[in-house]
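Okay, here's what each chain looks like letter by letter:
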Amino acid sequence: MTSPASSSEVKYLIESSEGNTFDVSGAALRQSNTFNAMFLNIGADGPIPFTDYNEATLKKVFEYCEHSVNEENYSGPKHQDDLSKWDLNFFNEMDQKMFIDVINASNFLDIERLTSYCCERIARMLRGKNTQEMIKVITLPTAEELEAKQKVEEKKAAAAKKVAEKAAETAEKTETLEELPVQQLVQTTRNKLTRKYLSFSNE
Amino acid sequence: MPLKFLSFPFLVQENILKNMELVEFFIMSTCSKRTKQSAILARIEVPKIRHVVKENEHSIMIRREEGEKFKTIIKILEVSRLRLSRMWRMSIGNSEFPTEISVQGNSSNAEYCLLKVTQIDETFLVGFSLYFNTLFRLKESTKLKLEFIKSAVRTPMFENVNEVSLSGETLTMDDLDSFLTLYPNLDVLKIKQSIDGELNETSRILVVKNVCLSNAGPFGMNLLTKFTGQNIYLNKVDLVEADLNEIIRKWINSEGYQNLVSVHALMDIHSGRRIQTDQVFDQLPIERFNPTERQEHVRYTTRVFRFTLDIGFHGDNCYDVIRKSDGKKASIRADFRFFRMVIWN
């Protein structure tokens, strides 16, 4: 399937988090700087795994890339007012969850134009808001939530520390045993057994 | 689904912040410590800013891209009480200040952020200035317009200031010197109120390049005789003819005023005094104005003091003088209640 060709006719197979694969044109894929850095020159043997993102999100992102293949080179952010009808429809038909997934995928794939438009859209959502209103939109964690999160993190850290200490202790013991010469080890074991026998006979 | 700003990767957060207007960007920073940290890391640059500090009000303005005009982005207002439902505890430095933050204007055009506080004191101003400077990267030096308050003498509240306008109560020479020690690199100093006290050789005002006094009085004449800067504008000044004569003579002989570009001095209309022109030019090597040698008008100190005066250098009481060392020409006009001198380039 895939080869490091520069022709726009070349199709690449993309693999989503569900394990599904689908075709994307080379021209569309080249809008992703991540792709350019990773696969363009070395080629991809088999489907390209973008398995952190689901099929619907990736399809949406590449739908945008396919559409903007023929647009002039990206030259910095464009205001939402200057977006074409197609662009507006593209954004308007997404629900919030899909929108967030698209931003994250677009950011990972480093598609400048799409990331920038998405970010400007969020900036617009915050326009004219005071602190409290802004907090509602960007859903900042409350003080209680932060405290609870911190407690969980502290517990996790404590547990991890315990495990690490135990592991270090075991490693130390093993190391000590390994370091003893065989004769010394035999003697130590013999002494232990003698002590045990004596205490047993005393009883 | 909630839009969790802080869950986005930093590059996305930065991109969102850079797409915001400065007003919203500032408000975003007030939401939490983490949003403030994101805002700082976004390294937003601002052009020249101007602080306007009055007794119960502090505005921060930025210069518009298209020219010299400034636009308010944050206005801090002292109020007697805050509405509890809208109160927001803003972290400034190590303290928390109860505030009320709102946006003035509409959603399509946020004009400025209005920040109400119960007290604008020295601690608040210093803390807020630091907050602002941490948040924004200033590309140019700052302009400060200050209604003079005693605390301004004690604490350096603003950084990298190169222009200051003072107004308010009468200034003592000691206060002015203390104030100017806090802002040592001034290009322009404008003072609206009168100044009490003696000017001595070590006074900090003598280091300022361009000085404009709106209520100069006898202090103004004293300053003019010791001036080492470029442009000086004195209004309501008590001019002394003998001193003016000495200034011109020194300039001709290169004994002083080497950096001088222009002098514009006006006497108080109500003083009833008139300048004795003959005394000003007494025994000086003066030449009458010759239109073939130079222009009649000069556009006076437009750039430095931000106002324009089209002054004519011609007529009966207008003369030219030549500096002996380099042949540089200066034109002087002394008439009725004013004295003007310009050094031609």
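The following paragraphs examine the structure supplied in this document. (Residues numbered from 1 in each chain as written. Chains lettered and ligands numbered in written order. Predicted model: local features only at pLDDT ≥ 70, side-chain atom pairs only at ≥ 80, totals over all residues. Heavy atoms only, no water.)

Topic: the overall build of chain A
For step 1, the next point in the chain: Scanning chain A from terminus to terminus reveals 9 helices and 3 strands.
For step 2, the next point in the chain: Residue burial in chain A is summarised as follows: out of 203 residues, 33% are buried.
For step 3, the next point in the chain: Counting contacts in chain A only where the partners sit at least 6 residues apart, residues at least 24 apart contribute 63% of the total.
For step 4, the next point in the chain: Of the roughly 12900 Å² of accessible surface on chain A, a fraction of 52% belongs to carbon and sulfur atoms. (Helix = DSSP H or I, 4+ residues; strand = E, 2+ residues; numbered from the N terminus. Buried < 20%, exposed > 50% of the residue type's maximum accessible area, 1.4 Å probe, protein only. Contact = heavy atoms within 4.5 Å. Areas by Shrake-Rupley, 256 points an atom, 1.4 Å probe, with all protein chains shown as cover.)

Comments concerning the packing of aromatic side chains
For step 1, the next point in the chain: Tallied over the entire structure, the rule returns 17 aromatic pairs over all chains.
For step 2, the next point in the chain: Measuring from ring centre to ring centre gives 4.7 Å for F132 of chain B and F136 of chain B, while their planes differ by 40 degrees; the resulting arrangement is tilted. Grouping residues by exposure puts F132 of chain B and F136 of chain B together as buried.
For step 3, the next point in the chain: Put simply, the rings of Y64, W86, F90, F91 and Y117 of chain A touch in pairs and so form one group of aromatic residues.
For step 4, the next point in the chain: The ring of F22 of chain A carries the charged tip of K59 of chain A above its face, separated from the ring centre by 5.5 Å.
For step 5, the next point in the chain: For the cation-ring pair, R340 of chain B lies above F338 of chain B, with the distance from its terminal atom to the ring centre recorded as 3.8 Å. (Phe/Tyr/Trp six-rings, centres within 6.5 Å; stacked < 30°, edge-to-face > 60°. Lys NZ or Arg CZ within 6 Å of the ring centre and 35° of its normal.)

Here we look at the nonpolar core
A general trend in soluble globular proteins is that nonpolar side chains are found buried together.
For step 1, the next point in the chain: Membership of the largest hydrophobic core comes to 139 residues, with the highest contact counts inside it found for F62 of chain A together with F26, F128, I205 and F339 of chain B.
For step 2, the next point in the chain: Not counting residues up to four positions away in its chain, the partners in contact with I205 of chain B are M173, L176, D177, L180, L189, I191, L199, V211, F219 and L223 of chain B.
For step 3, the next point in the chain: Counting 6 residues, the second-largest nonpolar core is a separate cluster that includes F313, C318, V342 and W344 of chain B. (Core = buried A, V, L, I, M, F, W, Y, C linked by side-chain atoms within 4.5 Å.)

Regarding the packing of helix α3 (residues 55-67) of chain A against helix α4 (residues 85-92) of chain A
All names here are of chain A.
For step 1, the next point in the chain: Relative to each other, α3 and α4 sit at 180 degrees, their axes nearing to 12 Å. With respect to α4, the element α3 is oriented roughly antiparallel. In contact with K60, E63, Y64 and H67 of α3, α4 contributes W86, D87 and F90.
For step 2, the next point in the chain: Residue composition of the contact of α3 with α4, grouped by class: 3 nonpolar, 1 polar and 3 charged. (Axes fitted to C-alpha atoms, helices over the stretch in contact; angles between N-to-C directions. Parallel < 35°, antiparallel > 145°, perpendicular 65-115°, else oblique. Nonpolar A, V, L, I, M, F, W, Y, C, P; charged D, E, K, R; others polar.)

Thoughts on the side chain of K48 of chain B
All names here are of chain B.
For step 1, the next point in the chain: Topologically, K48 is positioned in the loop between β1 (44-46) and β2 (49-53).
For step 2, the next point in the chain: The buried category is assigned to K48, whose relative accessible area is 5%.
For step 3, the next point in the chain: Of the polar contacts made by the side chain of K48, one reaches the backbone oxygen of S141; its length is 3.2 Å.
For step 4, the next point in the chain: Separated by 3.2 Å, the side chains of K48 and N162 make a polar contact.
For step 5, the next point in the chain: Among residues more than four places away in sequence, those in contact with K48 are M61, I62, R63, F70, E140, S141, T142, K143, N162 and E163. (Polar contact = N/O pair within 3.5 Å; in protein donor to acceptor, adjacent residues only side chain to side chain.)

What about the interface of chain A and chain B?
For step 1, the next point in the chain: The partner chain B presents 30 residues to the 27 residues of chain A that form the contact.
For step 2, the next point in the chain: In this assembly, chain A packs against chain B so that about 2600 Å² is buried in total across both faces, 68% of it on carbon and sulfur atoms.
For step 3, the next point in the chain: Seen at the junction of chain A and chain B, the total is 0 salt bridges.
For step 4, the next point in the chain: Elements with a minimum of two residues in the side of chain A that touches chain B: α5 (96-109), α6 (112-125) and α7 (131-138) of chain A.
For step 5, the next point in the chain: Of all the elements, α6 of chain A adds the most residues to the side of chain A that touches chain B, at 7 residues. (Buried area = accessible area lost by both parts, 1.4 Å probe. Salt bridge = Lys/Arg side-chain N within 4 Å of Asp/Glu carboxyl O.)

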